[in-house]
Amino acid sequence: MTQAAQRRGRDETEEERADRMWGELIQEVRVAQTGVQILFGFLLTVVFQPKFARLSDTDQLIYIVTVVLGACATGALIGPVSLHRVVAGRRVKPRAVRLAARMTNVGLVLLLATMTSSLLLILRVATNDGYVPWLVAAVVAWYLVCWYGLPLWARRRHTSPRDE
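Cut-off values and rules
- Residues numbered from 1 in each chain as written.
- Predicted model: local features only at pLDDT ≥ 70, side-chain atom pairs only at ≥ 80, totals over all residues.
- Heavy atoms only, no water.
- Helix = DSSP H or I, 4+ residues; strand = E, 2+ residues; numbered from the N terminus.
- Expected span 1.5 Å × (residues − 1).
- Bend = angle between axes of the 7 residues up to and from the residue.
- Polar contact = N/O pair within 3.5 Å; in protein donor to acceptor, adjacent residues only side chain to side chain.
- Axes fitted to C-alpha atoms, helices over the stretch in contact; angles between N-to-C directions.
- Parallel < 35°, antiparallel > 145°, perpendicular 65-115°, else oblique.
- Left-handed = near helix turned anticlockwise from the far one by under 90°.
- Nonpolar A, V, L, I, M, F, W, Y, C, P; charged D, E, K, R; others polar.
- Core = buried A, V, L, I, M, F, W, Y, C linked by side-chain atoms within 4.5 Å.
- Buried < 20%, exposed > 50% of the residue type's maximum accessible area, 1.4 Å probe, protein only.
- Contact = heavy atoms within 4.5 Å.
- Phe/Tyr/Trp six-rings, centres within 6.5 Å; stacked < 30°, edge-to-face > 60°.
- Patch = residues over 30% accessible without salt bridge, like charges linked within 9 Å, V, L, I, M, F, W, Y side chains within 5 Å.
- Areas by Shrake-Rupley, 256 points an atom, 1.4 Å probe, with all protein chains shown as cover.
- Salt bridge = Lys/Arg side-chain N within 4 Å of Asp/Glu carboxyl O.
- Lys, Arg positive; Asp, Glu negative; His and termini not counted.
- Charge placed at Lys NZ, Arg CZ, Asp CG, Glu CD.
- 1 Å grid on protein atoms, 1.4 Å probe; cavity = no way out; pocket = protein on both sides within 12 Å on 5 of 7 lines; lining within 4 Å.
- Points joined across faces, edges and corners; volume = space filled by probe spheres on them.

Undergrad: Residue-level account of the environment of Leu-152, with values.
TA: Among the secondary structure elements, Leu-152 is positioned in helix 5 (residues 132-158). Between the alpha carbons of Leu-152 and Pro-80 there is a distance of 23 Å; along the sequence they are 72 residues apart.

If you want it as structure tokens, here you go:
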């Protein structure tokens, strides 16, 4: 095998890499934004339902925390779009991509917290059984495996020290 065939990676400038990474990041953010916006929209309607007034103080507190988490997740996941609009044409794309990636990671953590508290609230209202915390913990464990465990495993397994 020739040296060129063995070579891994791309031959791109920092700006070209930033352009490519920005496109990939925005595609990822679109998926997360859609999910968090739909979830947040549904959460906003709960308070206007007649049953809301009959919720326990604890369930109302869980709801308030859930709505705040959803609002924060929405802000963090829409943030990269605003960032791009504000810095477009300023020749800071590589730095903007790094900042947008951090905002997206924060948004995903906030989305995880929002989904967790939403699930807790829904299951508490739907049933008073003691298994609810265990079921929520199992779902959170599943999210952690899918969102972080498998990606980190794949990165570790398939990335050589030269690639980093």
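Back to the text.
Undergrad: Which residues make up the environment of Lys-51, and what are the values?
TA: Positionally, Lys-51 belongs in the loop between helix 2 (14-46) and helix 3 (57-87). Considered as a pair, Lys-51 and Gly-107 are 56 residues apart in the sequence and their alpha carbons are 30 Å apart.

Undergrad: Got a sec to walk through helix 3? Specific residues and values, please.
TA: When the terminal C-alpha atoms of helix 3 are compared, their 44 Å separation across 31 residues agrees well with the 45 Å that a helix rising 1.5 Å per residue should span. For helix 3, the principal kink sits at Gly-79 and spans about 35 degrees; a proline, Pro-80, occurs within the next four residues. Positioned one or two residues after helix 3, Gly-89 has a phi angle of 80 degrees, which is positive.

Undergrad: Which residues make up the side chain of Thr-127, and what are the values?
TA: Its location among the elements puts Thr-127 in the loop between helix 4 (93-126) and helix 5. Of the polar contacts made by the side chain of Thr-127, one reaches the side chain of Asp-129; its length is 3.0 Å.

Undergrad: How would you summarise the packing of helix 2 against helix 4 if you had to cite specific residues and measurements?
TA: Between helix 2 and helix 4, whose axes approach to 9 Å, the crossing angle comes to 25 degrees. Between helix 2 and helix 4, the interaxial angle falls into the category roughly parallel. As for the relative orientation of helix 2 and helix 4, their crossing is left-handed in sense. Split by residue class, the contact of helix 2 with helix 4 holds 17 nonpolar, three polar and five charged.

Undergrad: Provide a residue-level description of the nonpolar core, including the pertinent values.
TA: One recurring pattern in soluble globular proteins is that nonpolar side chains are buried together. If you look at the biggest cluster of nonpolar residues, it comprises nine residues: Ala-18, Trp-22, Leu-25, Ile-26, Val-29, Leu-83, Ala-96, Val-97 and Ala-100. Every element with two or more residues in this core is listed here: helix 2 and helix 4. For this core, the element with the highest residue contribution is helix 2, accounting for five residues. When near neighbours in sequence (up to four residues on either side) are disregarded, Leu-25 contacts Val-97, Ala-100, Ala-101 and Thr-104. Phe-40, Phe-52, Tyr-63 and Leu-121 belong to the second largest nonpolar core, which has eight residues in total.

Undergrad: Mind laying out the packing of aromatic side chains, listing which residues take part and the relevant values?
TA: With the rule as written, the count across this model stands at two aromatic pairs. With centroids separated by 5.4 Å and ring planes inclined at 15 degrees, the aromatic side chains of Tyr-143 and Trp-147 adopt a geometry described as stacked. In this pair, Tyr-143 and Trp-147 are both assigned in helix 5, four residues apart and thus about one turn of the helix distant. Using a relative accessible area of 29% as the deciding quantity, one classes Trp-147 as partly exposed.

Undergrad: Outline a negative patch on the surface, listing residues and values.
TA: A contiguous patch of negative charge, built from Asp-11, Glu-14, Glu-15 and Glu-16, is present on the exposed surface. Taking relative accessible area as the criterion, Glu-14 reaches 55% and is therefore assigned exposed.

Undergrad: Can you explain the packing of helix 2 against helix 3? Please cite residues and give values.
TA: Axis separation between helix 2 and helix 3 bottoms out at 9 Å; the angle between their running directions is 150 degrees. It follows from the interaxial angle that helix 2 and helix 3 lie roughly antiparallel. Taken as a pair, helix 2 and helix 3 cross one another with a handedness that is left-handed. Across from Trp-22, Val-29, Ala-32, Gln-33, Val-36, Gln-37, Phe-40, Leu-43, Leu-44 and Val-46 in helix 2, the residues of helix 3 making contact are Tyr-63, Thr-66, Val-67, Gly-70, Ala-71, Ala-73, Thr-74, Leu-77, Ile-78, Pro-80, Val-81 and His-84.

Undergrad: Hey, could you go over the layout of surface pockets for me, with residue numbers and the actual values?
TA: Estimated volume of the second largest pocket: approximately 250 Å³. Lining the second largest pocket, in full, are Leu-39, Phe-42, Leu-43, Val-46, Gln-49, Lys-51, Phe-52, Leu-55, Ser-118, Leu-121, Ile-122 and Val-125. When residues of the lining of the second largest pocket are traced back to their parent elements, those giving at least two are helix 2 and helix 4. Here the residues of the lining of the second largest pocket sort into nine nonpolar, two polar and one charged.

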